[in-house]
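Okay, here's what each chain looks like letter by letter:
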Amino acid sequence: MNSGFFLVVEGTEGAGKTTLIRGLASRLAEAGRDRVLVREPGGTPAAERIRAVLLDPGLAMEPVSELYLFLAARADLVAAVIRPALERGGMVLADRFELSTEAYQCGGRGLDRELVRGANRAATGGLEPDLTLVLDLAPDLGLARIRNSGQALDRMEQAGLEFHARVAEAFRLATGPNLVHLDASQRPEQVLQAAWSELARRRQAAPASNRH
Ligand code: T5A
């Protein structure tokens, strides 16, 4: 048992997840909170190598190969970084987690939901976020933000608008007791304020020992 808190930010490409996590991290630092930032795929030496393979626009792969690579990276990150941080009582801010796999590999690629859920449980040992914030944004707007920022599109971003529309729809339909949707078409400060209020509300309501 511990008093850690696991916050996950999810959403389509360019929805503003990284921007929001940085904003939350600086507010938490001002409040003197220990926090750990992670992004998926990545965050350990092995997971960063897997990330390079997954995002390489020069590589083609089967959807099921893609699934297991994302989960291999997640298993490493959970064991080496996320669980230890939660056990120290820290707050973990994650840029994507399990819901991304459901949205991209089930919604986008069409893989079977039960297969994906079972394989994900094996990768995480059943770890679940205390709060998931889903940034809702039309996929064309998110991809335009990335293009405008001057970044080259990676393998996933190059998958085409129909694919990204299915992913966005899967995110839009996601529900759960610890899942909250935020309108990501607002200005960054507005998204940050909405997320901060939700986080404060949840942490006030959370018991001292949590559910990990
Ligand atoms: N994936 C991942 C799977 O398929 N399955 C999985 O299980 C997992 C874990 C990861 C890829 O892998 C896929 C999903 C992804 O395709 P990534 O590089 O980590 O690749 O991609 P993203 O997580 O999508 O990161 P991005 O950087 O592309 O998007 P963000 O983090 O959502 O957006 P951000 O904050 O970098 O902002 C993008 C631009 O928009 C501006 C920013 O300044 C920046 O220029 N911006 C805003 N502009 C206007 N209004 C706002 N509110 C804005 N917020 C940010």
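Observations regarding the site of the ligand
For the ligand, the set of nearby residues contains 29 residues, the closest of which are E13, K17, T18, T19 and R96. Contact between the ligand and K17: an oxygen atom at 2.5 Å from a side-chain N or O atom of the residue. The side chain of R51 places a nitrogen or oxygen atom 3.0 Å from an oxygen atom of the ligand. In isolation the ligand exposes 1,000 Å². Once the protein is present, 83% of that is buried. Mapped onto the shell around the ligand, the elements with two or more residues apiece are α1 (17-30), α2 (45-55), α3 (63-87), α4 (98-108) and α6 (139-148). At four residues, the largest contribution of residues to the shell around the ligand is made by α4. Of the residues assigned to the shell around the ligand, the class counts are nine nonpolar, nine polar and eleven charged.

Topic: the sheet that holds strand β5 (residues 179-183)
The strands making up a sheet are joined through hydrogen bonds of the backbone, oriented either antiparallel or parallel. Strand order across the open sheet formed by five strands is β2-β3-β1-β4-β5, with parallel pairing between neighbours. Strands at the two margins of the open sheet, each flanked by one partner only, are β2 (35-39) and β5. Each adjacent strand pair in this sheet contributes to an overall mean axis angle of 20°, direction not counted. For strand β1 (residues 5-11) and strand β4 (residues 131-136), the ladder comprises five bridges, and the chain directions are parallel. Opposite V9, over in β4, you have L133 as the bridge partner. Together, β1, β2, β3 (91-95) and β4 form the strand contacts of α1, whose direction differs from that of β3 by roughly 165°.

Topic: the layout of surface pockets
Taken as a whole, the largest pocket spans an internal volume of roughly 920 Å³. Lining the largest pocket are 38 residues, and of these G14, K17, T18, D95 and R96 sit closest to its centre. Secondary-structure elements contributing two or more residues to the lining of the largest pocket are α1, α2, α3, α4, α6 and α8 (188-205). Its residues assigned to classes, the lining of the largest pocket comprises 15 nonpolar, eleven polar and twelve charged. Of the pockets and cavities examined, the second largest pocket occupies roughly 730 Å³. Around the second largest pocket, the lining comprises 29 residues; the ones closest to its centre are E98, E102, E128, P129 and T175. Broken down by element, the lining of the second largest pocket gets its largest block of residues, five residues, from helix α5 (residues 113-124). Here the residues of the lining of the second largest pocket sort into twelve nonpolar, eight polar and nine charged.

So, the nonpolar core
L7, L20, L24, L93, L131, L133 and L135 are the most contacted members of the largest nonpolar core, which has 22 residues in total. Those elements that place two or more of their residues in this core are β1, α1, β3, β4, β5 and α8. Residue contributions to this core peak at five residues, all from α1. Each residue touching L135, except ones within four places of it in the same chain, is listed here: V9, E10, G11, T12, A15, G16, K17, L20, L182, A184 and V191. Within the second largest apolar cluster, 16 residues are counted, among which are L99, Y104, M156 and F163.

Conventions we followed
Counting starts from 1 at the beginning of each chain's written sequence and moves along it residue by residue. Two thresholds apply to this predicted model, a pLDDT of at least 70 for residue-level local features and 80 or more for giving and counting side-chain atom pairs, whereas whole-chain, interface and lining totals are computed over all residues. Excluded from the side-chain calculation are hydrogens and water; included are all heavy atoms of the structure. Nearness here has a simple test: a residue counts as near a molecule or strand if at least one of its heavy atoms is within 4 Å of that partner. Here a polar contact means two N or O atoms within 3.5 Å. Within protein one must be a hydrogen donor candidate and the other an acceptor candidate, and residues neighboring in sequence count only if both atoms are side-chain atoms. Shrake-Rupley sampling with a 1.4 Å probe provides the accessible areas, and residues are treated as covered by the protein chains on show and by no other component. Comment: elements are numbered from the N terminus, with helices defined as DSSP H or I runs of at least four residues and strands as E runs of at least two. Note on residue categories: nonpolar means Ala, Val, Leu, Ile, Met, Phe, Trp, Tyr, Cys or Pro, charged means Asp, Glu, Lys or Arg, and polar means any other residue, Gly included. Only strands that DSSP links by at least two bridges are regarded as paired with each other. Every angle, taken between N-to-C directions, lies between 0 and 180 degrees, and every axis is a line fitted to C-alpha atoms, over only the stretch in contact when it is a helix. Whether two residues are in contact is decided by their heavy atoms: any pair within 4.5 Å suffices. Lining residues are defined by having an atom within 4 Å of a point belonging to a cavity or pocket. Those points lie on a 1 Å grid over the protein atoms alone, cavities being sets where a 1.4 Å probe fits but cannot get out and pockets being open sets with protein on both sides within 12 Å along at least five of seven lines. Grid points are joined across faces, edges and corners, and a volume is the space filled by probe spheres set on the points. Nine residue types can take part in a nonpolar core, namely buried Ala, Val, Leu, Ile, Met, Phe, Trp, Tyr and Cys, and a core is a set of them joined through side-chain atoms within 4.5 Å. Burial classes follow relative accessibility: with a 1.4 Å probe on protein chains only, a residue under 20% of its type's maximum area counts as buried, one over 50% as exposed, and anything between as partly exposed.

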